[in-house]
4 protein chains.
Amino acid sequence: MTEKQENILSAALELFAEEGFKATSTSRVAKKANVSEGLIFRHFKNKEGLLEAIIQKGEEKAKLMFADIVLETEPKEVLRKTFQIKDAMAGDEKEGAFWKLQYKLKWELERYGENKMESLKVALRNAFNKLGYEEPEEEAVNLMVLIDGLATRFYLQEGFNIDSQIEFLYRKYNI
Amino acid sequence: MTEKQENILSAALELFAEEGFKATSTSRVAKKANVSEGLIFRHFKNKEGLLEAIIQKGEEKAKLMFADIVLETEPKEVLRKTFQIKDAMAGDEKEGAFWKLQYKLKWELERYGENKMESLKVALRNAFNKLGYEEPEEEAVNLMVLIDGLATRFYLQEGFNIDSQIEFLYRKYNI
Amino acid sequence: MTEKQENILSAALELFAEEGFKATSTSRVAKKANVSEGLIFRHFKNKEGLLEAIIQKGEEKAKLMFADIVLETEPKEVLRKTFQIKDAMAGDEKEGAFWKLQYKLKWELERYGENKMESLKVALRNAFNKLGYEEPEEEAVNLMVLIDGLATRFYLQEGFNIDSQIEFLYRKYNI
Amino acid sequence: MTEKQENILSAALELFAEEGFKATSTSRVAKKANVSEGLIFRHFKNKEGLLEAIIQKGEEKAKLMFADIVLETEPKEVLRKTFQIKDAMAGDEKEGAFWKLQYKLKWELERYGENKMESLKVALRNAFNKLGYEEPEEEAVNLMVLIDGLATRFYLQEGFNIDSQIEFLYRKYNI
DNA sequence: AATGAATGAGTCTTCATTCAT
DNA sequence: GATGAATGAAGACTCATTCAT
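A. Quick look at the overall build of chain A. Along the backbone of chain A there are ten helices and zero strands. Going from N to C terminus, chain A has its helices and strands arranged as α-α-α-α-α-α-α-α-α-α. For chain A, the spread of C-alpha atoms along the three principal axes comes to 60 × 30 × 25 Å. Counting only residues that meet the buried cut, chain A has 49% of its 175 residues in that class.

B. Fine view of unusual backbone geometry. A positive phi is found at Lys 45 of chain B, a non-glycine position, where the angle reads about 70°. Structurally, Lys 45 of chain B can be placed in the loop between α3 (37-44) and α4 (47-70). Among the residues examined, Lys 45 of chain B registers a relative accessible area of 66% and is labelled exposed. One non-glycine residue with positive phi stands out, namely Asn 174 of chain D, at about 55°. When you line up the elements, Asn 174 of chain D lands in the segment after α10 (162-172).

C. Seen up close, the protein's contact with DNA strand F. Surrounding DNA strand F, one finds 31 residues, the nearest of these being Thr 26 of chain A, Lys 4 of chain B together with Thr 26, Phe 41 and Lys 47 of chain D. In DNA strand F, atoms within 4 Å of the protein come from the sugar-phosphate backbone in 62% of cases. Between DNA strand F and Ser 36 of chain C there is a distance of 3.0 Å, counted from a phosphate oxygen to a backbone nitrogen or oxygen. Take Asn 46 of chain D: an N or O atom from its side chain is 3.4 Å from a phosphate oxygen of DNA strand F. Here the residues of the surface near DNA strand F sort into five nonpolar, 18 polar and eight charged.

D. Expanded view of the relation of the copies chain C and chain D. Aligned on chain D, chain C shows an RMSD of 0.2 Å; the corresponding rotation is 179° and the shift along the axis is 0.0 Å. Read as a symmetry element, the transformation amounts to a two-fold axis. Judged by C-alpha distance, Gly 149 of chain C is the residue of chain C that lies nearest the rotation axis, at 1.9 Å. The residues that chain C uses at the interface reappear at the interface of chain D in 97% of cases, marking a shared surface.

E. Quick look at the interface of chain B and chain A. Between chain B and chain A, the residue contacts involve 35 residues of the former and 36 residues of the latter. When the buried surface of chain B facing chain A is broken down by residue, Trp 107, Arg 153 and Leu 156 of chain B rank first, second and third, together holding 23% of it. Seen at the junction of chain B and chain A, the total is ten salt bridges. The salt bridge partner of Arg 153 of chain B is Asp 148 of chain A, with a shortest N-O separation of 2.6 Å. Of all the secondary-structure elements, those providing two or more residues to the side of chain B that touches chain A are α7 (93-109), α9 (136-156) and α10 (162-172) of chain B. Ranked by residues supplied to the side of chain B that touches chain A, first place goes to α9 of chain B with 15 residues. Classifying every residue of the side of chain B that touches chain A by side-chain character gives 15 nonpolar, five polar and 15 charged.

F. Quick peek at the pattern of salt bridges. Applying the stated criterion across every chain, the model contains 66 salt bridges over all chains. Notably, a salt bridge pairs Arg 171 of chain A with Glu 135 of chain B, separated by 2.1 Å at the nearest N-O pair. With Arg 171 of chain A in helix α10 (residues 162-172) and Glu 135 of chain B in the loop between α8 (118-130) and α9, this pair bridges two chains. As a salt-bridge pair, Glu 6 of chain B and Lys 57 of chain B come within 3.1 Å of each other at their nearest N and O atoms.

G. Main features of the interface of chain C and chain D. Taken together, the contacts link 36 residues of chain C with 35 residues of chain D. Regarding the contact of chain C and chain D, the summed buried area is about 3,500 Å², with carbon and sulfur atoms giving 60% of it. When residues of chain C are sorted by the area they lose upon contact with chain D, Trp 107, Arg 153 and Leu 156 of chain C head the list and together hold 23% of the total. In this assembly, chain C and chain D are joined by ten salt bridges. The partner of Glu 110 of chain C in a salt bridge is Lys 104 of chain D, and the shortest N-O contact between them spans 3.0 Å. Linking chain C to chain D there are 14 residue pairs in polar contact (both at pLDDT 80 or more).

H. Structural context of the side chain of Arg 153 of chain C. Among the structural elements, Arg 153 of chain C can be located in helix α9 (residues 136-156). For Arg 153 of chain C, a relative accessible area of 5% puts it in the buried group. A distance of 2.6 Å separates polar atoms of two side chains, one belonging to Arg 153 of chain C and the other to Asp 148 of chain D.

I. Highlighting the packing of aromatic side chains. Under the defined criterion, the tally for this structure stands at 36 aromatic pairs over all chains. Taking the centre distance of 5.1 Å and the plane angle of 80° together, the rings of Phe 16 of chain B and Phe 21 of chain B count as edge-to-face. By way of ring pairs, the aromatic residues Phe 83, Phe 128, Tyr 133, Tyr 170 and Tyr 173 of chain A are connected into one cluster. Its end group placed over the ring of Phe 21 of chain B, Lys 47 of chain B keeps NZ or CZ at 4.6 Å from the ring centre.

J. Molecular detail of the arrangement of the chains. As for chain C relative to chain A, no contact occurs, and the smallest C-alpha gap between them is 20 Å. As for chain D relative to chain B, no contact occurs, and the smallest C-alpha gap between them is 32 Å.

K. Region of the structure containing the protein's contact with DNA strand E. Close to DNA strand E lie 32 residues; Thr 26, Phe 41 and Lys 47 of chain B together with Thr 26 and Lys 47 of chain C are nearest. Close to the protein, within 4 Å, the atoms of DNA strand E belong to sugar or phosphate groups at a rate of 64%. Take Lys 4 of chain A: an N or O atom from its side chain is 3.0 Å from a phosphate oxygen of DNA strand E. One of the backbone N or O atoms of Ser 36 of chain D is found 3.1 Å from a phosphate oxygen in DNA strand E.

L. Broad picture of helix α2 (residues 26-33) of chain B. Residue and element names in this part refer to chain B. Taken residue by residue, α2 has Thr 26, Val 29, Ala 30 and Ala 33 as its buried positions. Taken around the axis of α2, the buried residues stretch over an arc of 100°, which confines them to a single face. Looking at the buried side of α2, the elements it contacts are α1 (3-19), α3 and α4. Immediately beyond the C-terminal end of α2, within one or two residues, lies Asn 34, with a positive phi of roughly 55°.

M. Quick peek at the environment of Thr 73 of chain C. All names here are of chain C. Tracing the backbone through its elements, the reader meets Thr 73 in the loop between α4 (47-70) and α5 (75-83). By relative accessible area, Thr 73 is classed as exposed at 58%. In sequence terms Thr 73 and Ala 11 are 62 residues apart; their C-alpha atoms lie 39 Å from each other.

The rules behind the values
- Throughout this description, residue numbers start from 1 for each chain and increase along the sequence as written.
- The naming scheme follows written order: chains are lettered A onward, ligands numbered 1 onward.
- The predicted origin of the model limits local features to residues at a pLDDT of at least 70 and limits the giving and counting of side-chain atom pairs to 80 or more, whereas totals for whole chains, interfaces and linings rest on all residues.
- Think of the side-chain values as coming from all heavy atoms in the structure, minus any hydrogens and water.
- Comment: elements are numbered from the N terminus, with helices defined as DSSP H or I runs of at least four residues and strands as E runs of at least two.
- Burial classes follow relative accessibility: with a 1.4 Å probe on protein chains only, a residue under 20% of its type's maximum area counts as buried, one over 50% as exposed, and anything between as partly exposed.
- The nearness test applies per residue and asks whether one of its heavy atoms lies within 4 Å of the molecule or strand.
- Contacts described as polar in this section are N or O atom pairs within 3.5 Å, which, within protein, must combine one atom able to donate a hydrogen with one able to accept it, while residues neighboring in sequence count only if both atoms come from side chains.
- When residue character is reported, Ala, Val, Leu, Ile, Met, Phe, Trp, Tyr, Cys and Pro are called nonpolar, Asp, Glu, Lys and Arg charged, and the others, Gly included, polar.
- The atoms used to superpose the copies are C-alpha atoms, taken from residues with pLDDT of at least 70 in both, and the fit is least squares.
- Contacts are assigned to residue pairs that have any heavy atoms within 4.5 Å of one another.
- Computed with a 1.4 Å rolling probe, the buried area is the accessible surface lost when two parts are put together, summed over both parts.
- For this analysis, a salt bridge means a side-chain nitrogen from Lys or Arg found within 4 Å of a carboxyl oxygen belonging to Asp or Glu.
- Whether two aromatic rings pair depends on their centres lying within 6.5 Å, for rings of Phe, Tyr and Trp, where Trp uses its six-membered ring; planes under 30 degrees apart make the pair stacked, over 60 edge-to-face, and the rest tilted.
- Ring-over charges, as used throughout, are those where CZ of Arg or NZ of Lys falls within 6 Å of the ring centre and within 35 degrees of the ring normal.
- Working definition: the arc comes from the directions between the helix axis and the C-beta atoms, pointing outward to the latter.

Dropping the structure here:
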């Protein structure tokens, strides 16, 4: 992967996350990456190919994060680590942009199955089970839904204080 | 408001909700509304003017719904009615499309302040207060965030069982 | 059919006939027709749609010409009229261009069935039959093949004297 | 001439003959020849240089064929050998493609003078003269025109029975 | 000799918008 | 109020060609 290829990838990631996939023109990506427009197509074939490449690259990072949660045995730690997803979302430009892109794409393309979340659900269900919750399955789903909501607010509602809200959840879940 | 104007409005509502604002061309709106493309601009000036008109029209419906919740004094009823937002989201084509559009636009344009939700928050805070919750403000915000998450799932995750999840919440909130 | 539409059509006809279909850019057609490039697509949908429109329009002219031959009962007159196809090929800019286009397209796109020539073959076979030729079918095909050859030379070989060659054929066929 | 150079040449020959010169991209030639695109330009300078090389290589083959006809003294044999051009057109992939390319290019680029055919005309004129035809010059031209027509049909009209047509000509010319 | 990265000009096409009628 | 013709700018993508290695 040449330097220019990397430039394209990260320029596109930021622009897609900021403006959306359709709304971002390949010419703007090229300009931001300081690259001729044609090069995008030579390397990624399509605008979609470009998107695919971005996603695939990020997916690996995501898997690592989930793996860390899934392997955790201490139930409270599972919950705590789950809430730390927020740190990824608020991470450096590239990491944060990637997570924002995930949600943007969900809404724009209605693509991206939740199946890759399945392992997280299993981990959460186990954790809630161990913690004695009566409906661990529902609790797990509920928590994941809540995280989608938090992401929505975090990315879209200017001034939303996600930290205080997460602290509240720490208290609520007693962790 | 002539019939053709209405046609344009509802055609645009559906298309914007389905495909997104940018991705929907005025020509497709015109075709779906059985109207010449020029007419859109005569009536709404802009593509954005068209969006504005849709939003404004829907806003009124939304206000009515929130008003009903805000005026409610029985705290458990406040919660129950809040969860009934789901029925609106699952409503007939136009109502459902309108709510979907709200979220789509949030992500696409990152516009639409939450201020119109402020009244709902107040109502929920009061309700949680009356119900003896220790942190009514945080509980209110938490519930609203949860609703955003539920909407995300409802619209995007094929096969998501929102009803069972809401029933779970009924139990959780003991209503 | 507005004036601009006609302009597009005849500009395209000339350019396609001169340079070929693929080699002619829609932007050059637009420029030659004094028209915005977009208009081509509004009226003809595609570059191919434009070609289709040209062909269909010319096809009618061709049918008329063949009809005149087919209805002729005097066999020598049938042959004479067949050779008059040359006058069409050498006709005014539009007519000449149309016939040239036919051959260009044959070679460029390998499209255009000969079935529309079938009626001409029948007429020629009958004529040769009446004139006592022993193999009227083969004579008919041979003459049509010869005409393809003449067209090839007429359009491509600078300085080819088609008239003297046709006069020779008049003598050969004794007409 | 290295092996890769040969690969390029024959890949280009086939593609040009199949799709036309303009319609064939250098990238497709490179792909078909299993060669980097740059190599085409290193060896042939231009896309046109590539064409030139193909033509020049083929020209030699053509000269050999014509030479055989020209040196023939028996007039009927001259005619017979002329009709055997068909065997070259129907020859193996490379030989057939080369002849098809000749005609394709005639129509696409309107290049390729007939002067290289001049020697064939002389041979035919002599033959017709010896055979006692009254207008040997015109007969010669006529036959060559006919061959262009036969080529047109052979390459473009699916199902055209060129053999039966040539047999008919054998009878007609009494050879 | 050979590659593969890189480019700039050009291709077809779509889009929001204007205007005469 | 309503149409449909018309446009200019921008969109994704392709192409012949160059150049460093």
